[in-house]
Structure formats: structure tokens, C-alpha cells
Amino acid sequence: MIRRILTQPRAAGRPRARARRASRILPTLAAMAALVSVDLPDAAAGPPLGVTTRAAPGTAADRVGALFAGGLGEGHFCTAAVVHSDDRDVIATAAHCLEEPGTTVFAPGYRNGEAPYGVWKVTGVHLAPGWTDAADPDDDIAFATVVAADGAQSARVEDLVGGFPVAAEQPSDATVTVIGYPRSEEAPLRCTNATAPFSATQRRIDCPDLSGGTSGSPWLVDGALAGVLGGYEGGGAVPEVSYSAVMGDQAVELYREASVSD
């Protein structure tokens, strides 16, 4: 059960990164109140708990995409997801996935070499000082703004695929659906299972085959983003066990910064 949905606003070999410091100016309450979304896909429906399968196209999977270094021909290295925002242009991923934001592009709904909703380049990043200063795994979450890479798309990415609301204050045993792109796969995988506390600031989930490339994958609770695959050991040392930093106040602040128009 989601205790708080923010409608006003933050394995082995899952990559690590550098990126610029985030602005810490908070939006007004009036601006935050405009960020309302009731579009909650049923991300929990699917195979039995703890079983990883191919994610079928649909509302939830289409909001998730692969991150590429430069273009679709360069190979994907991380995963990201569209989240609801005032300007309809925000994605969430792991902070360690944004080492080179200037050359990173996002392809929502990517499958088998095709980008059905276009390719989107990163235009700005929001990361916690704990990450930019010390790569603190408790701050391994980031939000970024995107724009159509070819400049021809007048719509925003959220107009095309919708956006997940962002949830905070989740119980440590929440049932989570992870959707992500291993580097070896050309379509997303998904797995749902109950989570468990790894520490006061990290959660773990047991799901097979979430290997390198799934960093940044959304952790969805009742269709809302409650974390991203990352944190401890960059998301995990083995593909059977993955981690996420707890979505705390710092992540919420980053989300608000990215989500609210100036």
C-alpha cells in the first residue's frame, strides 16, 4: 500500500558515474499542486512472485526505456522511466547512469532496435550532493529532463507514454515490480516480488536475470515509482539480488526540482 504518493513535486557490473551538482531551489506549493496524476498502471499484474519474464508492451512497460551513449547503434547501458512532471519531460534513473549526460539518450518502449516513441536527449540532471561529492550509494537516484533528439517532436515524452507518479515512505516489505533492460536483451524484462530491508537506507529484492544494464530500472509499488535499481554495489553484485536506495527526503527534493516549471 502506498503511504504517500507525491503528486507535487527526486548487478554485477551495473555502471558508476560522475555528474553535475543539482540546484537546491524548491518550487512553490502552488506550482507543486499542479502536478496531479491519477494514471496508475497495474504494474503488479503478471507472473508469480520472484519470476523474471519478458515485459509485454503496455502502459507500464512503454514508460520504461533504455539509455544509450549517443544513439541506438551504440548499445544500451542503463534503464530509465518517465515520471509525472509539470513540463512532462522528466525521467528517473540511477545517479551512476548519468556519467556522461551530454551524450546520453533515452528510448522509451525500446524493443529489438526500434524506438516507437522516439529518441530523447538529456538536457539537465538533478543529483544529490552526497552523490556528486562522494558517490554515496544512499544517493544513487537521479532525475533528468529530456527533449526530442531530432528537434522535430513537438510533444513531450510524457504526452506520448504517460508518467509514473513518485511515491515515498514505502514499507520495507512492499511488493515491487522491476522493469529493466539487461545489456544482453533487446526488450525489457520484468519481475515482481516482496522487498526486504538490507539496511536502514537500502532495500533488496530477489529476482533472477536482472544483470548489467538494469541499473536505473524503476521499482514500482501499485504503479508508482518508489525507487530505482541502484544503491548498494551499484545495484547488486549478482543478477539474482538487486537493491534500491530508500526514496527519502533528498530524492523527493530532487524530483520537485526537476518536475516543477520555473
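A. Inspection of the pattern of salt bridges at higher detail. The final tally for this structure, using the stated rule, is four salt bridges. Salt-bridge contacts for Asp89 lead to Arg156; the nearest nitrogen and oxygen are separated by 3.7 Å. In this pair, Asp89 sits in the loop between strand 4 (76-83) and strand 5 (90-93) while Arg156 sits in the loop between strand 8 (142-148) and helix 4 (157-161), placing the two residues 67 residues apart along the sequence. Relative accessible area serves as the criterion here: at 12%, Asp89 is assigned to the buried category. On the accessibility criterion, Arg156 (32% relative accessible area) is partly exposed. For the salt bridge of Arg204 with Asp206, the shortest nitrogen-to-oxygen distance reads 2.5 Å. Taking relative accessible area as the criterion, Asp206 reaches 38% and is therefore assigned partly exposed.

B. The packing of aromatic side chains, seen in detail. With the rule as written, the count across this model stands at six aromatic pairs. Ring centres of Phe68 and Tyr110 lie 5.0 Å apart, and the angle between their planes is 70 degrees; this geometry places the pair in the edge-to-face category. Taken together, the residues Phe68 in strand 3 (residues 64-69) and Tyr110 in the loop between strand 6 (104-108) and strand 7 (120-126) connect sequence positions 42 residues apart. Side by side, Phe68 and Tyr110 carry an identical accessibility label, which is buried. Ring geometry for Tyr110 and Tyr181: centres 6.2 Å apart, planes at 50 degrees, overall tilted. Within this pair, whereas Tyr110 is found in the loop between strand 6 and strand 7, its partner Tyr181 is found in the loop between strand 10 (175-180) and strand 11 (189-197), the two being separated by 71 residues in sequence. Through successive ring pairs, a cluster of aromatic residues spans Phe68, Tyr110 and Tyr181.

C. A look at unusual backbone geometry. In this model, Glu169 sits at a positive phi of 60 degrees, which is unusual for a non-glycine residue. The phi angle at Asp222 is positive, at roughly 50 degrees, despite the residue not being glycine. Structurally, the position occupied by Asp222 is in the loop between strand 13 (218-221) and strand 14 (224-228).

D. Region of the structure containing the confidence of the model for the protein chain. Mean pLDDT over the protein chain works out to 85, with 82% of the residues at or above the 70 mark. Every residue in residues 1-13 is under pLDDT 50, and counting partners more than four places away or in other chains gives 70 contacts.

Scoring rules and cut-offs
- Residues numbered from 1 in each chain as written.
- Predicted model: local features only at pLDDT ≥ 70, side-chain atom pairs only at ≥ 80, totals over all residues.
- Heavy atoms only, no water.
- Salt bridge = Lys/Arg side-chain N within 4 Å of Asp/Glu carboxyl O.
- Helix = DSSP H or I, 4+ residues; strand = E, 2+ residues; numbered from the N terminus.
- Buried < 20%, exposed > 50% of the residue type's maximum accessible area, 1.4 Å probe, protein only.
- Phe/Tyr/Trp six-rings, centres within 6.5 Å; stacked < 30°, edge-to-face > 60°.
- pLDDT = per-residue confidence, 0-100.
- Contact = heavy atoms within 4.5 Å.

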